[in-house]
Amino acid sequence: MRKSKWLQNVLLCIGGVFLFLAGIGLGWIRCRQTETAFWENILIAPEPEECVACDNLQGPRFHAPCLLELSTGELTELEIYEPCHRYSGELAPDQDMDYNVMTFGGSGLPLFIDRMEEIQRCVAYLPEKAGGEIEPFYYCRDCRAKLTKVATQGYVLLDLYDLDAIQVYPVEDSAEYPIRIYTVTMAHDEDQGHLVVTNIGHLFES
Ligand SMILES: [Zn+2]
Ligand SMILES: [Zn+2]
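These notes cover the structure that comes with them. Everything numeric here is computed off the predicted structure, so don't read it as measured data. Position labels on residues start from 1 in each chain and follow its written sequence. In the order they appear in the text, chains get letters beginning with A and ligands get numbers beginning with 1. Totals for whole chains, interfaces and linings use every residue, but because this is a predicted model, local features are given only for residues with pLDDT of at least 70 and side-chain atom pairs only at 80 or more, for both listing and counting. Hydrogens and waters are ignored; side-chain quantities use all the structure's heavy atoms.

### Thoughts on a negative patch on the surface
In step 1: Only residues whose relative accessible area exceeds 30% and that form no salt bridge enter a patch; like-charged residues are grouped when within 9 Å of one another, and nonpolar side chains (Val, Leu, Ile, Met, Phe, Trp, Tyr) when within 5 Å. What sets the accessible areas is the Shrake-Rupley method with a 1.4 Å probe; for residues, cover comes only from the shown protein chains. We count a salt bridge whenever a side-chain nitrogen from Lys or Arg sits within 4 Å of a carboxyl oxygen from Asp or Glu. When charges are counted, Lys and Arg contribute as positive and Asp and Glu as negative, whereas His and the chain ends are disregarded. Where a charge lies is defined by one atom per residue type: Lys uses NZ, Arg uses CZ, Asp uses CG and Glu uses CD. On the surface, Glu-128, Glu-172, Asp-173, Glu-190 and Asp-191 cluster together to form a negatively charged patch.
In step 2: Numbered from the N terminus, helices here are DSSP runs of H or I no shorter than four residues, and strands are runs of E no shorter than two. Relative to the helices and strands, Glu-128 is located in the loop between β5 (120–127) and α2 (141–150).

### Comments concerning the pairing of strand β9 (residues 182–189)
Regular strands place side chains that alternate from one sheet face to the opposite one.
In step 1: For strand β8 (residues 176–179) and β9, the ladder comprises four bridges, and the chain directions are antiparallel. In the strand pairing of β9, Pro-178 is matched with Thr-183.
In step 2: Any two strands with at least two DSSP-identified bridges between them are counted as paired. Here β8 folds back onto β9 in antiparallel fashion, the turn holding two residues, of which Arg-180 has a positive phi close to 50°.
In step 3: The pairing of β9 with strand β10 (residues 194–201) spans eight bridges and is classified as antiparallel.

### Let's talk about the sheet that holds strand β1 (residues 66–69)
In step 1: The strand order across the open sheet formed by four strands is β2-β1-β6-β7, and the pairing between neighbours is antiparallel. Whereas interior strands pair on both sides, the edge strands pair on one side only; in this sheet they are β2 (74–77) and β7 (167–170). Neighbour-to-neighbour, the strand axes of the sheet open up by a mean angle of 30°, direction not taken into account.
In step 2: Working rule for contacts: check all heavy atoms of both residues, and any pair within 4.5 Å makes them a contact. Only C-alpha atoms enter the line fits that serve as axes; for helices the fit covers just the stretch in contact. Angles between N-to-C directions range over 0 to 180 degrees. Of the strands in this sheet, β1, β6 (155–159) and β7 are in contact with α2, which crosses β7 at around 25°.

### Here we look at the pairing of strand β4 (residues 110–116)
In step 1: For the exposure calls, accessible area comes from a 1.4 Å probe over protein chains only, and a residue counts as buried if that area is under 20% of its type's maximum, exposed if over 50%, partly exposed in between. Counting buried positions over the seven residues of β4 gives five, a clear majority of the element.
In step 2: As defined by bridge partners, strand β3 (residues 98–104) adjoins β4 across seven bridges and the pair is classed as antiparallel. By the bridge assignment for β4, Tyr-99 is matched with Arg-115.
In step 3: Hairpin geometry of β3 and β4 is characterised by an intervening segment of five residues between the two adjacent antiparallel strands and by a positive phi of about 55° at Ser-107.
In step 4: Inspection of the sheet shows β4 paired to β5 by five bridges, in the antiparallel sense. Looking across to β5, one finds that Asp-114 is bridged to Arg-121.
In step 5: Between β4 and β5, which pair antiparallel and follow one another directly, the connecting turn spans three residues.

Next comes the structure, spelled out in structure tokens:
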């Protein structure tokens, strides 16, 4: 009698452990399945007629680095200098150096631009956990590969000056990227719960 009770408990224990491990196993398989489906979708989603990143032939070219919201394909140029009106993607030879504006970039990001002798900068404020998962149909397959190597959700920083050599940078706290005549830094603002992205221009420095 005593012995069979003991045996029963042992069997219950073994059963419990088995169910527990099976649960973990199933969870792991489910996780792998959604992950596989995610990457499958990245691969097989039809390509757009014009890729937001590399094939923006009708739209403006961007001299300054751009923030890209991966889920919407919205680009926000961290613009500091006046663009050239004759050559898209180049800067105007004469710059008004008394310029301070607040404006909005793509996906409604507030931008603060200062163009003065002392400092030339553009500051963007990204809300915490901004942006969802990448929506592949905005991008050609080449760009999907480049983008997802760096991030699969939220924002990335892009250098689109040379469309044949697009550069992708992670958007993360404490990052600093020298990009041609620009330096982009990123810093977490504890009080506001924002990631502050600052682009400093060095057009007049040799
Ligand atoms: Zn592309
Ligand atoms: Zn400088």
